Amino acid sequence: MGQCLAALICGTAVSSQYLASDFQVNTPMLQSLLNYMLLCVTYTTMLLCRKGDGNILQILRRRWWKYLLLGLVDVEANYTVVKAYQYTTLTSVQLLDCFVIPVLMVLSWWFLKTRYRVVHYVSVCVCLLGVGAMVGADLLAGRDQGSTSNILLGDGLVMLSATLYAVSNVSQEYTVKNLSRVEFLGMVGLFGTIISAVQMVILERSEVSNIKWSWQVGLLFAAFALCMFALYSGMPVVMKLSSATSVNLSLLTSDLFSLFVGIFLFHYNFSGLYLVSLVVILIGFITFNVVPTPTNLTNSSSSSSLSEEGCYDNPVATDGDFARSEVTVGIPAEAKGEEDEEELHQDWWEEKERKTSASWSSQRVNDDAVEHSTKL
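Residues numbered from 1 in each chain as written. Predicted model: local features only at pLDDT ≥ 70, side-chain atom pairs only at ≥ 80, totals over all residues. Heavy atoms only, no water.

Under an unreviewed UniProt entry, the name given to the protein chain is Solute carrier family 35 member F2 isoform X3, and the source organism is Austrofundulus limnaeus. As stated in UniProt under Function (unreviewed entry), the record for the protein chain gives "Putative solute transporter." (UniProt positions renumbered as here; feature names shortened; annotations may be inferred.)

Next comes the structure, spelled out in structure tokens:
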């Protein structure tokens, strides 16, 4: 499933390349706006139709500022990486964009309590070696494209973008495993639409007005928007099954997919190192997923009845079922054992008192009978 996401990223790259090279259209904010609008129309509408705690009004009342910050982080992560191509080379972008993985591992360790093992660190190093082989193949094939007008600024933008992506992905993993995938996508679509629309009016007003519209341009915009919409819709599903770090490792092959497609569409030069890079990245990715990474979210995500995802998205689940399940499983094992022991102890004393009371009652009846016979 992660490789399907990588193929979708390849689709966005190819459509953007066609827009920039054949039609001189360079409007990253307009393209992002179309994606956020699709998310808003689809998932925000679903939140409007919900009742109870899953309704959009309840979500906005409790967590609106968190999703506002998350939407801002997501929009700027997409914008800064596109902006970096104006100042630095493709090689620098490909290398520094991998900075998202160590940042993700640190954030996951700190916030999600993920505990990595030695094999995970080795697997990440193997994947990064595969990226190095890909960059080497680019250099041998003479594909070191981009600008060198301000390399330091461009590299800084790439690292900033990688950090923002890491923050967004960790927040996404936490949300989809504890709350709801629809809630995440709906709120990101809502605030992303607002933020990207304002930013487009401020920064890309002249570029948008200069677009020479045709059916080819419209088709490329639609292809980009649909690929991004499918990417955003599918990533929470894959992330809930694995982790943010695992998803980003699988996305390292997206550049290779773009290169393979570019060989046929844009006549890139082929190098055997591309295949070596693909094999190395896949080996590292598979090795990473062989050993699970336990988190404190594992128990909560294993049962759908304990999360808002199960309560909201499962039409059979009711608020009462959710509350009972939450109370039942919310008690730690040790505390529950102590509670059971206290209940058994209390039942034993009640039984002893009942037997004692019955014994005294029987004794009093016998005494009364003896006294009555004595009088007779």
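Now that the structure is up, let's keep going.
Asker: Could you clarify how one ought to interpret the overall build of the protein chain in this entry?
Answerer: In terms of helices and strands, the protein chain carries 17 helices and zero strands. Each of the 376 residues in the protein chain was classed as buried or not, and the buried ones make up 43%. Sequence separation of at least 24 residues holds for 86% of the intrachain contacts in the protein chain that already meet a minimum separation of 6. Looking at the protein chain as shown, the accessible area adds up to about 19,900 Å², and 65% of this sits on carbon and sulfur atoms. (Helix = DSSP H or I, 4+ residues; strand = E, 2+ residues; numbered from the N terminus. Buried < 20%, exposed > 50% of the residue type's maximum accessible area, 1.4 Å probe, protein only. Contact = heavy atoms within 4.5 Å. Areas by Shrake-Rupley, 256 points an atom, 1.4 Å probe, with all protein chains shown as cover.)

Asker: How should I be thinking about the layout of surface pockets in this particular structure?
Answerer: In this approach, a probe sized like a water molecule rolls over the atoms, and the result shows the empty space that is left. The calculated volume of the second largest pocket comes to roughly 530 Å³. Lys 66, Val 170, Ser 171, Tyr 174 and Thr 175 are, among the 16 residues lining the second largest pocket, the residues nearest its centre. The set of elements that each furnish at least two residues to the lining of the second largest pocket consists of helix H3 (56-84), helix H5 (100-111) and helix H7 (151-178). Here the lining of the second largest pocket gets seven residues from one element, more than from any other, and that element is H3. Looking at the lining of the second largest pocket residue by residue, the class counts come to 12 nonpolar, two polar and two charged. (1 Å grid on protein atoms, 1.4 Å probe; cavity = no way out; pocket = protein on both sides within 12 Å on 5 of 7 lines; lining within 4 Å. Points joined across faces, edges and corners; volume = space filled by probe spheres on them. Nonpolar A, V, L, I, M, F, W, Y, C, P; charged D, E, K, R; others polar.)

Asker: Honestly, the UniProt feature "transmembrane region" (unreviewed entry) in the protein chain in this entry has me stumped. Any pointers?
Answerer: Within the UniProt annotation, "transmembrane region" (unreviewed entry) is assigned to residues 93-112, 119-139, 151-170, 182-203, 215-235, 247-266 and 272-291. The distance from the first to the last C-alpha atom of residues 182-203 is 30 Å, and the span holds 100% helix and 0% strand. Regarding residues 247-266, the helix share stands at 80% and the strand share at 0%, and the terminal C-alpha atoms are separated by 28 Å.

Asker: Looking at this model, I keep getting lost on a nonpolar patch on the surface. Mind explaining?
Answerer: On the surface, Ile 194, Val 198, Val 201, Ile 202 and Leu 203 cluster together into a nonpolar patch covering about 450 Å² of accessible area. Judged by its relative accessible area of 42%, Leu 203 is partly exposed. (Patch = residues over 30% accessible without salt bridge, like charges linked within 9 Å, V, L, I, M, F, W, Y side chains within 5 Å. Salt bridge = Lys/Arg side-chain N within 4 Å of Asp/Glu carboxyl O.)

Asker: Sorry if this is basic, but what is going on with the packing of aromatic side chains here?
Answerer: Ring pairs (aromatic) are described by centroid distance and by the angle formed between their planes. Overall, the coordinates contain six aromatic pairs when judged by the stated rule. Ring geometry for Tyr 36 and Tyr 232: centres 6.1 Å apart, planes at 75°, overall edge-to-face. Here the residue Tyr 36 occupies a position in helix H2 (residues 28-49), and Tyr 232 occupies one in helix H10 (residues 215-241), the gap between them amounting to 196 residues. Judged by its relative accessible area of 0%, Tyr 36 falls in the buried class. Each ring, one from Tyr 116 and one from Phe 288, has its centre 6.3 Å from the other, and the planes form 45°; the classification is tilted. Taken as a pair, Tyr 116 in the loop between H5 and helix H6 (118-140) and Phe 288 in helix H13 (residues 273-290) lie far apart in primary sequence, 172 residues in all. (Phe/Tyr/Trp six-rings, centres within 6.5 Å; stacked < 30°, edge-to-face > 60°.)

Asker: Would you take a moment to explain H13 for this structure?
Answerer: A turn of α-helix holds 3.6 residues, and therefore any two residues three or four places apart point the same way. Look at H13: 26 Å from first C-alpha to last across 18 residues, which is about the 26 Å you get at 1.5 Å a residue. Tyr 274, Ser 277, Leu 278, Ile 281, Gly 284, Phe 285 and Phe 288 are the residues of H13 that are buried. Each buried residue of H13 lies within a common arc of 135° when the element is viewed along its axis, so the set occupies one face. Pointing more than 90 degrees away from the buried face of H13 are the exposed residues Ile 286 and Val 290. (Expected span 1.5 Å × (residues − 1). Arc of directions from axis to C-beta.)

Asker: Explain unusual backbone geometry here, please?
Answerer: Negative phi characterises most residues that are not glycine, and trans characterises most peptide bonds. Unlike most non-glycine residues, Gln 24 shows phi in positive territory, near 50°. Within the element layout of this structure, Gln 24 appears in the loop between helix H1 (2-22) and H2.

Asker: Help me understand the nonpolar core in this model?
Answerer: Generally speaking, a soluble globular protein has its nonpolar side chains buried in company with each other. Met 187, Leu 249 and Leu 252 are the most contacted members of the largest nonpolar core, which has 71 residues in total. Broken down by element, the residue count for this core peaks at 11 residues, all from H10. Other than its neighbours up to four places away in sequence, Met 187 contacts Leu 47, Ile 56, Ile 59, Leu 60 and Tyr 67. (Core = buried A, V, L, I, M, F, W, Y, C linked by side-chain atoms within 4.5 Å.)

Asker: Any chance you could explain the pattern of salt bridges here in plain terms?
Answerer: Under the counting rule described, the total for this entry stands at two salt bridges. With its nearest N and O atoms 2.7 Å apart, the salt bridge here joins Glu 183 to Arg 63. In this pair, Glu 183 is assigned in helix H8 (residues 181-203) and Arg 63 in helix H3, connecting sequence segments 120 residues apart. Residue classification places Glu 183 among the buried residues on the basis of a relative accessible area of 0%.

Asker: When you look at the confidence of the model for the protein chain in this model, what are you seeing that I'm missing?
Answerer: Detail in the predicted coordinates should be disregarded across regions flagged by low pLDDT. Of the residues in the protein chain, 75% reach a pLDDT of 70 or more, and the chain-wide mean stands at 78. Looking over the protein chain, one finds the lowest element-wise mean pLDDT in helix H16 (residues 319-330), namely 40, and the highest in H8, namely 94. (pLDDT = per-residue confidence, 0-100.)

Asker: For this particular structure, what's the right way to read the environment of Leu 226?
Answerer: Within the element layout of this structure, Leu 226 appears in helix H10. Leu 226 sits in the exposed class, given a relative accessible area of 53%. Through-space distance from the C-alpha of Leu 226 to that of Leu 8 is 9.1 Å; in sequence the pair is 218 residues apart.

Asker: I would appreciate a short explanation of the state of the cysteines in the present structure.
Answerer: By definition, a disulfide links the sulfur atoms of two cysteine residues through a covalent bond. Applying the stated criterion across every chain, the model contains zero disulfides. The thiol of Cys 127 is not disulfide-bonded; the next cysteine sulfur, from Cys 98, is found 9.3 Å away. Here Cys 127 falls in the buried class, since its relative accessible area comes to 0%. (Disulfide = S-S within 2.5 Å.)

Asker: Can you help me understand H2 in this one?
Answerer: Spanning 22 residues, H2 covers 31 Å between terminal C-alpha atoms, matching the ideal 32 Å at 1.5 Å per step. The largest bend in H2 is about 30°, located at Cys 40. (Bend = angle between axes of the 7 residues up to and from the residue.)

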